[in-house]
Amino acid sequence: MKRMVFIFVLCSLVMLTACEQRAHKVEDSSYKKIFHKIDPDQPRVEQEILVVFEAPEAFLLNHGRVEGVNMYMGYMPVLVSRINATQWQAKFQLGACTEPSMRWRVSIPWQTVAGNEQGIYQFEFTTETN
């Protein structure tokens, strides 16, 4: 009896870990030197969203894009402008969707002033509609 219980528990654990939902992890190549803050903290569709980026002085951020992750909606351009030597900002709006919870990915290309390094800074966020 103990052996059957052990086998049942073992099989259950294997099945549960196999079915575990894996979070989509976005890796960027900015060597963790670029950071962002999104305002409002819980963005909503059809409202202005402001993102402030903090980056080293030697980095240049270029215009990027935002696109739906869990539903294809094309992409919208994200225009980035410099605030000061280490801060950049982007303002954009998202269209409403039939999904009540929508995941979005922002991709911002960057390069160093010297041009010897480049990459894409990415982050994701969600919007909720009621």
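It should be noted that the structure appears before, not after, this text.
Scoring rules and cut-offs
Residues numbered from 1 in each chain as written. Predicted model: local features only at pLDDT ≥ 70, side-chain atom pairs only at ≥ 80, totals over all residues. Heavy atoms only, no water. Pairing = 2+ DSSP bridges. Helix = DSSP H or I, 4+ residues; strand = E, 2+ residues; numbered from the N terminus. Axes fitted to C-alpha atoms, helices over the stretch in contact; angles between N-to-C directions. Phe/Tyr/Trp six-rings, centres within 6.5 Å; stacked < 30°, edge-to-face > 60°. Buried < 20%, exposed > 50% of the residue type's maximum accessible area, 1.4 Å probe, protein only.

Here we take up the sheet that holds strand 6 (residues 80-82). Taken in spatial order, the four strands make up an open sheet running 1-2-7-6, and their pairing is antiparallel. Because the sheet does not close on itself, it has two edges, and the strands there are strand 1 (35-39) and strand 6. For this sheet the average axis-to-axis angle between neighbouring strands, irrespective of direction, equals 25°. Across three bridges, the pairing between strand 6 and strand 7 (residues 87-92) is antiparallel. Note on strand 7: the bridge partner recorded for S81 is Q89.

With that settled, the discussion passes to the packing of aromatic side chains. For any two aromatic rings, the description comes down to two numbers: the centre-to-centre distance and the angle of the planes. Counted according to the given criterion, the structure contains six aromatic pairs. With centroids separated by 6.2 Å and ring planes inclined at 85°, the aromatic side chains of F53 and Y121 adopt a geometry described as edge-to-face. Remark: Y121 occurs in strand 9 (residues 118-128) and F53 occurs in strand 2 (residues 49-54); sequence separation between them is 68 residues. We classify F53 as buried; its relative accessible area is 1%. Plain terms: the ring middles of F59 and W110 are 4.5 Å apart, the flat faces sit at 10° to each other, and that makes the pair stacked.

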